[in-house]
Amino acid sequence: MRDLFDADVVDHAAPLAARMRPRSLDEVVGQQHLVGGGAPLRRAIEADAPPSCILWGPPGCGKTTIARVIAGLTHTRFSTLSAVSSGVADLRKVIAAAEAGRRDGLARTLLFIDEIHRFNKAQQDAVLHAVEDGTITLIGATTENPSFEVIAPLLSRARVYKLELLDTADIRRLLERALTDPERGLGRSPPVIEEQALDAIANVAGGDARVALNTLQAAADSLAGQDRAISVDDVAEVAQRALPYDKGGDAHFDTISAFIKSVRGSDPDAAVYWLARMLEAGENPMFVARRIVILAAEDIGLADPQALSVAVAAQQATHLIGMPECTLVLSEAAIYLARAPKSNSAMKAYSAAVGAVRESGALPVPLHLRNAATGLMAAHGYGKNYQYAHDYEGGVTPDQQHLPEELSGVAFYQPSDRDVRP
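Described in the following lines is the structure provided in the data block. Just so you know, these numbers come straight off a predicted model, no measurement behind them.

Criteria and cut-off values
Residues numbered from 1 in each chain as written. Predicted model: local features only at pLDDT ≥ 70, side-chain atom pairs only at ≥ 80, totals over all residues. Heavy atoms only, no water. Helix = DSSP H or I, 4+ residues; strand = E, 2+ residues; numbered from the N terminus. Rg over C-alpha atoms; globule rule 2.2 N^0.38 Å. Buried < 20%, exposed > 50% of the residue type's maximum accessible area, 1.4 Å probe, protein only. Contact = heavy atoms within 4.5 Å. Areas by Shrake-Rupley, 256 points an atom, 1.4 Å probe, with all protein chains shown as cover. Pairing = 2+ DSSP bridges. Salt bridge = Lys/Arg side-chain N within 4 Å of Asp/Glu carboxyl O. Polar contact = N/O pair within 3.5 Å; in protein donor to acceptor, adjacent residues only side chain to side chain. Expected span 1.5 Å × (residues − 1). Phe/Tyr/Trp six-rings, centres within 6.5 Å; stacked < 30°, edge-to-face > 60°. Lys NZ or Arg CZ within 6 Å of the ring centre and 35° of its normal. Axes fitted to C-alpha atoms, helices over the stretch in contact; angles between N-to-C directions. Parallel < 35°, antiparallel > 145°, perpendicular 65-115°, else oblique. Left-handed = near helix turned anticlockwise from the far one by under 90°. Nonpolar A, V, L, I, M, F, W, Y, C, P; charged D, E, K, R; others polar. Core = buried A, V, L, I, M, F, W, Y, C linked by side-chain atoms within 4.5 Å. Disulfide = S-S within 2.5 Å.

Thoughts on the overall build of the protein
- In terms of helices and strands, the protein carries 19 helices and 5 strands.
- Relative to the compact-globule value of 22 Å for 422 residues, the protein shows a C-alpha radius of gyration of 31 Å, a clear excess of over 25%.
- For the protein, the proportion of its 422 residues judged to be buried stands at 42%.
- Residue pairs at least 24 apart in sequence account for 72% of intrachain contacts in the protein once pairs closer than 6 positions are excluded.
- Summing over all exposed atoms, the protein offers an accessible surface of approximately 22,300 Å²; the carbon and sulfur share of this is 53%.

This is the structure we're talking about:
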């Protein structure tokens, strides 16, 4: 094995987050389900048999770090590409070098592709054969769900390891390590920092180690030459944390799913929280408004038919006034829907009817329900024996069949005990 990192060579001009990058598995904070004692990935690394894998997780959780640690602790030649700036030609160069090294008896090649989800199908196909025949060991890093962003043949040849956001205790450990490390961190001349300020950094980081360390460095730099401790206010002043949200990625779908399920679960507090998360992160308010209209019909339905009117009014008002004032409209609608009684009987009725249509096909419309627009049509029985509802008591025809004969007696609508009766 070799050490990819030389502890005697530290670029003190590099950002603190880069200098504090772990050099061993024991230095990795969090992800113990992967690299803790006895964990599957750790066992493979210690056996010098790292598998081709996809490291999937949010920014700052350690994907690149783990890839570099694997390279440093195994008999491999490490190559790295960024899917943002590399293409098929770059992949072919790495693969050709790996094939030559294999013929010459050199160590196998470990290829790390950062943001692999940005490679298109042709680019991912270009690396497939080399992974399949063992020419390279691939480690791909992605913030997006590989089920959707990585081609199936490549996924079938690589293991997917899911990394999680770091919790605040993990972030605190990283910050304390940076404050005391004299070689890579701030330990040679550590700044004084209030405990509450450390907590504030850990909270504002949102599970992202890079954000936490960069915030610490920014706070320390902002007080350089001043004889006082870093305070919570200092942290708030330098912290620039954008909410993690990609309008086409997992954060988008996960957050709207949380919003929908909170409304459905009659939790107005959670509903308005997830609404705020989306809108403050830059989500299109019309997307949210459309989902509210759907929720009104799907989950409130006939338990409170007025909910649909509220939702449609909110959608129209959002279109009319836009941000930021439409947040008030959407908040009112979300809270109304969350507090409303729930019934999905209309949705279930339609689903049942769809099932019958697909199973039975285009059954003929009963003759008595057809419109006899011409004398010829009437002669062929169109409209014969049709019972006009208004001629009957209560406006209801007691024995007229409105379904095709083959579906006589079938009940698609099953009323909920919460449905409002007209």
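Still more ground to cover, so stick around.
Re the pairing of strand β1 (residues 53-56)
- Both faces of β1 are covered, namely the face carrying C53 and L55 and the face carrying I54 and W56.
- The pairing of β1 with strand β5 (residues 159-162) spans 4 bridges and is parallel. The residue bridging W56 from the neighbouring strand is K162, located in β5.

Re the pattern of salt bridges
- Inspection of every chain in the model, using the stated rule, returns 19 salt bridges.
- Taking the shortest distance from any N to any O, the salt bridge between K121 and D125 comes out at 3.0 Å. One end of the pair is K121 and the other is D125, both in helix α6 (residues 121-132) and 4 residues apart, which spans about a single turn.
- For K121, a relative accessible area of 55% gives the class exposed.
- Across the pair R264 and E298 runs a salt bridge, and its minimum N-O distance is 3.6 Å. On the criterion of sequence distance, the pair formed by R264 in helix α13 (residues 250-264) and E298 in helix α15 (residues 285-300) is long-range, its members being 34 residues apart.

Focus on the side chain of N145
- Assignment of secondary structure puts N145 in the loop between β4 (136-142) and α7 (146-149).
- Only 2.9 Å separates the side chain of N145 from the backbone nitrogen of S147, close enough to count as a polar contact.
- N145 has contacts with W56 and D250, leaving out every residue within four places of it along the chain.

Digging into α13
- Taking 1.5 Å per residue, 15 residues should reach 21 Å; α13 reaches 21 Å between its end C-alpha atoms and fits that length.
- Of the residues making up α13, those classed as buried are D250, H252, T255, I256, A258, F259, I260, S262 and V263.
- Tucked into the core, α13 has its buried residues touching β1, α14 (268-280), α15 and α17 (326-339).
- Where α13 terminates, the next one or two residues include S266, which has phi positive at roughly 60°.

A closer look at the packing of aromatic side chains
- A complete count under the given rule lists 1 aromatic pair for this structure.
- Ring geometry for Y273 and W274: centres 4.8 Å apart, planes at 75°, overall edge-to-face.
- On the basis of relative accessibility, which here comes to 43%, the residue Y273 falls in the partly exposed class.
- Judged by its relative accessible area of 23%, W274 is partly exposed.
- The ring of W56 is capped by K162, whose NZ or CZ atom sits 4.9 Å from the centre of that ring.
- Sitting above the plane of the Y382 ring, R370 keeps its charged end 5.2 Å from the centroid.

Things to note about the packing of helix α9 (residues 168-180) against helix α10 (residues 195-204)
- At their nearest, the axes of α9 and α10 sit 9 Å apart, and the two run at 120° to each other. The pairing of α9 with α10 is recorded here as oblique in orientation. Relative to α10, the crossing made by α9 is right-handed. Counting all contacts with α9, which are made through T168, I171, R172, L175 and L179, the residues of α10 involved are E195, L198, D199, I201, A202 and N203.
- In the contact of α9 with α10, the residues fall into 6 nonpolar, 2 polar and 3 charged.

A few points about the nonpolar core
- Ranked by internal contacts, the top residues of the largest apolar core, which has 28 residues, are L175, I193, L216 and I230.
- For this core, the secondary structure elements donating two or more residues are α1 (16-19), α9, α10 and α11 (209-222).
- Counting residues per element, this core draws most heavily on α11, at 7 residues.
- Those residues in contact with L175, other than ones at most four positions away along the chain, are L198, I201, A202, A212, L213 and L216.
- Counting residues in each nonpolar core, the second largest holds 26 residues, with F259, A271, A307 and A314 among its members.

Describing the sheet that holds strand β2 (residues 76-82)
- Across the sheet, which stays open at both edges, the 5 strands sit in the order β2-β3-β4-β1-β5 with parallel pairing between neighbours. With partners counted over all chains shown, the strands left at the sheet margins are β2 and β5, one partner each. The sheet shows a mean angle of 20° between the axes of neighbouring strands, direction not considered.
- Across the sheet, helix α4 (residues 63-73) touches β1, β2, β3 (108-114) and β4, and the angle it forms with β3 is around 170°.

Here we look at the state of the cysteines
- Tallied over the entire structure, the rule returns 0 disulfides.
- Among the cysteines around C53, which has no disulfide bond, C61 carries the closest sulfur, lying 13 Å off.

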